[in-house]
Amino acid sequence: MDHKIFSYWFITHLAILSLLFNDVVPSFPPGYNDGPKNGYNNGYNSGYNNGYNNGHGSRGYGIISNLDYRFYDRSCPRLQMMVKSGVWRAFKDDSRIAASLLRLHFHDCFVNGCDGSILLDDSEDFKGEKNALPNRNSVRGFDVIEDIKSDIESACPLTVSCADIVALAAREAVVLTGGPFWPVPLGRRDSLTASEQAANTNLPSPFEPLENITAKFVSLGLDFKDVVVLSGAHTIGFAQCFVFKHRLFNFKGSGQPDPNLAASSDLLSKLTDTCPDVDSSNSNLAALDAASVVKFDNAYYVNLMNNVGLLDSDQILMSDSNAAALVKSYSANPYLFSRDFAVSMVKMGNIGVMTGSDGVIRAKCGFPG
């Protein structure tokens, strides 16, 4: 074949393939591809080498359980792209879903480990976690996980656990909103049961004192620093008015707003407009971080420094000298927060995981069979 003819043929077919590829792969927002691509190469290599080689006790990306970063490389090689695409599709329709998917991972891991149990519907054998008090009419994203699971089942039947999908979706949600990328160790297995009682007992409450919240973290193998770092997840998302409304009108029975919020008249005015002092406003939503509602950054800690954290459990961090020192560091150094948040997320994602022959791979995330 003539060289010029071959060159023309090659370029033409390459262009056609490029057009086809663009039709298949959704368009991601600017910078979204940079995080996973560069973050995975740099984060995986440095995290795996530093965390694993330097010992499980380090705050690198250490492998604490029998999970493996490359667990599905052969059995489901397109897994991470499918999760990424599913999260992006959902985010295009509802920007709140990023915070919801991150919260879903927290609430799964804090109840009997990261086993996908939060996704299970009630059955004749158990009352699940969906309707527990901390989750009812609050935790969201079940349909997004189920949609992603359906896509994955078409490509890799009975291969990928719902628990792993939740962990990956949480990471993609953070990256999508401008936060850090971290390599997610994989190989979790799914639970066959769930517990409403455990969800009511184990999940930290925004009304609890700091020592109680810390005790719940420590009981799961986390530490005080993880409390402060993971609280930074409140840089995105919303809270229902009933969770903080007592701070607006009758703080500690005073008949007056919390002095910290009252000092910011603009914020107090916006919150009272959103959450008037009537029961019908209880389910209204206010941003946890009004400074950057859907941007994952360190503004949460800046808010705490200015005494305008929305929840009691947020602002209470400033009442402890050690927590306040961390808050100060993260408010001044967003890169430090991003690094530590990524490390704590890997650590949290290892809580109580089942691997090997334990548990199952559920075909549908809402059903044990």
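Residues numbered from 1 in each chain as written. Predicted model: local features only at pLDDT ≥ 70, side-chain atom pairs only at ≥ 80, totals over all residues. Heavy atoms only, no water.

1. Quick word on the overall build of the protein chain
Counting its regular elements, the protein chain contains 16 helices and 2 strands. Out of the 369 residues belonging to the protein chain, those deemed buried represent 49%. Looking at the protein chain alone, contacts between residues at least 24 apart form 75% of all its contacts between residues at least 6 apart. (Helix = DSSP H or I, 4+ residues; strand = E, 2+ residues; numbered from the N terminus. Buried < 20%, exposed > 50% of the residue type's maximum accessible area, 1.4 Å probe, protein only. Contact = heavy atoms within 4.5 Å.)

2. A look at the UniProt feature "binding site: heme b" (unreviewed entry) in the protein chain
The positions that UniProt labels "binding site: heme b" (unreviewed entry) are, in the present scheme, His234. Looking at where histidine 234 falls in the secondary structure, it is placed in the loop between helix 9 (224-231) and strand 1 (238-240). Setting aside residues up to four positions removed in sequence, histidine 234 forms contacts with Leu288, Asp289, Tyr300, Leu311 and Asp314. (UniProt positions renumbered as here; feature names shortened; annotations may be inferred.)

3. Looking at the side chain of aspartate 226
In this structure, aspartate 226 sits in helix 9. Overall, aspartate 226 belongs to the buried group, its relative accessible area being 0%. A distance of 2.9 Å separates a polar side-chain atom of aspartate 226 from the backbone nitrogen of aspartate 223. (Polar contact = N/O pair within 3.5 Å; in protein donor to acceptor, adjacent residues only side chain to side chain.)

4. Some remarks on the pattern of salt bridges
Inspection of every chain in the model, using the stated rule, returns 15 salt bridges. Between aspartate 121 and lysine 130 there is a salt bridge; the shortest N-O distance is 2.5 Å. With its nearest N and O atoms 2.7 Å apart, the salt bridge here joins arginine 188 to aspartate 164. Here the residue arginine 188 occupies a position in the loop between helix 6 (162-176) and helix 7 (196-202), and aspartate 164 occupies one in helix 6, the gap between them amounting to 24 residues. The exposure class of arginine 188 is buried, given its relative accessible area of 1%. The network of salt bridges with common partners includes Asp223, Asp226 and Lys347. (Salt bridge = Lys/Arg side-chain N within 4 Å of Asp/Glu carboxyl O.)

5. Structural notes on the nonpolar core
Counting 76 residues, the largest nonpolar core has Leu102 and Phe341 as its most contacted members. When residues in this core are grouped by element, the largest group, 10 residues, is from helix 6. Here this core spans two domains, since at least three of its residues come from each of domain 1 (78-203) and domain 2 (217-348). If we ignore the near neighbours within four places in the chain, the residues touching leucine 102 are Ala170, Val174, Ala233, Ile236, Phe296, Phe341 and Met345. (Core = buried A, V, L, I, M, F, W, Y, C linked by side-chain atoms within 4.5 Å. Domains from an automatic or database assignment.)

6. Remarks on the packing of helix 4 (residues 97-109) against helix 6
The contact between helix 4 and helix 6 brings their axes to 8 Å, and the two run at 140 degrees. In terms of orientation, helix 4 lies oblique with respect to helix 6. The chirality of how helix 4 crosses helix 6 is left-handed. Contact residues: helix 4 offers Ala98, Leu101, Leu102, Leu104 and His105, while helix 6 offers Val166, Ala167, Ala169, Ala170, Ala173 and Val174. Residues belonging to the contact of helix 4 with helix 6 are distributed by class as follows: 10 nonpolar, 1 polar and no charged. (Axes fitted to C-alpha atoms, helices over the stretch in contact; angles between N-to-C directions. Parallel < 35°, antiparallel > 145°, perpendicular 65-115°, else oblique. Left-handed = near helix turned anticlockwise from the far one by under 90°. Nonpolar A, V, L, I, M, F, W, Y, C, P; charged D, E, K, R; others polar.)

7. Points about the packing of helix 9 against helix 15 (residues 321-332)
One can describe the packing of helix 9 onto helix 15 by two numbers: an axis separation of 10 Å at closest approach and a directional angle of 40 degrees. Classed by the angle they form, the pair helix 9 and helix 15 counts as oblique. You can see that helix 9 and helix 15 cross each other, and the crossing is right-handed. Seen from helix 9, the contacting residues are Phe224, Lys225, Val228 and Val229; seen from helix 15, they are Asn322, Ala323, Leu326, Val327 and Tyr330.

8. Considering the packing of aromatic side chains
Applying the stated criterion to the full structure yields 11 aromatic pairs. Of the aromatic side chains, those joined through ring pairs into one cluster are Trp182, Phe296, Tyr300, Tyr301, Tyr330, Phe337 and Phe341. A cation over a ring is seen here: lysine 130 above phenylalanine 142, with NZ or CZ 4.5 Å from the ring centre. (Phe/Tyr/Trp six-rings, centres within 6.5 Å; stacked < 30°, edge-to-face > 60°. Lys NZ or Arg CZ within 6 Å of the ring centre and 35° of its normal.)

9. A look at the environment of valine 184
Secondary-structure assignment places valine 184 in the loop between helix 6 and helix 7. Judged by relative accessible area, which is 5%, valine 184 ranks as buried. Valine 184 sits 162 residues away from valine 346 along the chain, and the two C-alpha atoms are 6.6 Å apart. Discounting residues that sit within four places of it in the chain, valine 184 has contacts with Tyr69, Ala167, Leu168 and Arg171.

10. Comments concerning the side chain of aspartate 115
When you line up the elements, aspartate 115 lands in the loop between helix 4 and helix 5 (142-155). One buried charged residue, aspartate 115, remains without a salt bridge, the closest side chain of opposite sign being arginine 362 at 6.5 Å. Among the polar contacts listed, one links the side chain of aspartate 115 to the side chain of serine 117, at a separation of 2.7 Å. Not counting residues within four places of it along the chain, the set of residues in contact with aspartate 115 comprises Asp108, Ala163, Arg189, Asp190, Ser191, Met354 and Arg362. (Lys, Arg positive; Asp, Glu negative; His and termini not counted.)

11. Observations concerning the UniProt feature "binding site: substrate" (unreviewed entry) in the protein chain
Residues annotated in UniProt with the feature "binding site: substrate" (unreviewed entry) correspond here to Pro204. In this fold, proline 204 is placed in the loop between helix 7 and helix 8 (210-218). If near-sequence neighbours (up to four positions away) are discounted, proline 204 is found in contact with Phe110, Ile213, Lys216 and Phe217.

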